[in-house]
Amino acid sequence: MVFWLQGCTFNCPGCFNPETHALNGGQVLDIDLLTARLKDHSTNLEGITISGGEPLLQMSPLTRFLEIVRQTTSLSILVFTGFSWEEIQNLPEVDRFLMNVDVLLAGRYKHHLRTANRLIGSSNKTIHFISKRYTLQDLDKVPPAEIVIAPDGSVRLTGINPLQWKEGNQ
Ligand code: SF4
């Protein structure tokens, strides 16, 4: 299950998710409600992915949410961030945050270094296995694109190398 956290100030040229940049967009969700929704589905899940937007702009509530997930489920936790690994070390609460993460993918997206491989969009981004739960070989198995068709028929194209939707496609 993927959670897209709203708000990002990095403005990387070529960003795949510009609709997540506005700091006042998205939907405000209570952590307890979010946790309850997650638990409703957790038997069918391997783990959660935190993406955005820039998740670490909401470090405090995010860390609290991840702590609850860690303490009450066996789900794995993967986090994407535009902050570099070095920048993350200077953020408040970083130790508490990292204790609740299995894999962290860090760094801005740089269009001229595009790679779309192993869950990273550009080759400057770095992969950090905080726990022993996953390895590089596991990331190699992740498909580069996903098509999600909702019950109402709406289609979402996502992934590290998403397909492009063309008008007139059936
Ligand atoms: S950090 Fe991520 S969400 Fe933010 S602009 Fe860069 S690619 Fe987009």
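> Describe the overall build of the chain, naming the residues involved and giving the relevant values.
Scanning the chain from N- to C-terminus turns up 5 helices and 9 strands. Helices and strands in the chain line up, N terminus first, as β-α-β-α-β-α-α-β-β-β-β-α-β-β. Relative to the globule expectation of 15 Å for 170 residues, the C-alpha radius of gyration of the chain, 16 Å, shows essentially globular dimensions. Each principal axis of the C-alpha distribution contributes one length, and for the chain these read about 45 × 35 × 35 Å. The proportion of buried residues among the 170 residues of the chain is 39%. The long-range share in the chain, meaning contacts at least 24 apart out of those at least 6 apart in sequence, stands at 58%. Taking the 15 positively charged and 17 negatively charged side chains of the chain as two groups, their mean positions are separated by 4 Å.

> Which residues make up the site of the ligand, and what are the values?
What surrounds the ligand is the set Cys8, Phe10, Asn11, Cys12, Cys15, His21, Gly53, Gly82 and Tyr109. Here the shell around the ligand is composed, by residue class, of 5 nonpolar, 4 polar and no charged.

> Lay out the environment of Val2 with the relevant residues and their values.
Tracing the sequence through the fold places Val2 in strand E1 (residues 2-5). Considered as a pair, Val2 and His21 are 19 residues apart in the sequence and their alpha carbons are 17 Å apart. The residues contacting Val2, other than those within four sequence positions of it, are Thr49 and Ser51.

> Give a description of the sheet that holds strand E7 (residues 126-129) that names residues and reports values.
Spatial ordering of the open sheet is given by E1-E2-E3-E4-E7, a layout of 5 strands whose pairing is mixed. Both edges of this open sheet fall to E1 and E7, since each of them pairs with a single strand only. Averaged over all adjacent pairs, the angle separating strand axes in this sheet is 15°, with direction ignored. Both strand E3 (residues 76-80) and strand E4 (residues 103-106) contribute to a ladder of 3 bridges, which runs parallel. From the neighbouring strand, Val79 faces E4, where its bridge partner is Leu104.

About the cut-offs
- Residues numbered from 1 in each chain as written.
- Predicted model: local features only at pLDDT ≥ 70, side-chain atom pairs only at ≥ 80, totals over all residues.
- Heavy atoms only, no water.
- Helix = DSSP H or I, 4+ residues; strand = E, 2+ residues; numbered from the N terminus.
- Rg over C-alpha atoms; globule rule 2.2 N^0.38 Å.
- Buried < 20%, exposed > 50% of the residue type's maximum accessible area, 1.4 Å probe, protein only.
- Contact = heavy atoms within 4.5 Å.
- Lys, Arg positive; Asp, Glu negative; His and termini not counted.
- Charge placed at Lys NZ, Arg CZ, Asp CG, Glu CD.
- Near = heavy atom within 4 Å.
- Nonpolar A, V, L, I, M, F, W, Y, C, P; charged D, E, K, R; others polar.
- Pairing = 2+ DSSP bridges.
- Axes fitted to C-alpha atoms, helices over the stretch in contact; angles between N-to-C directions.

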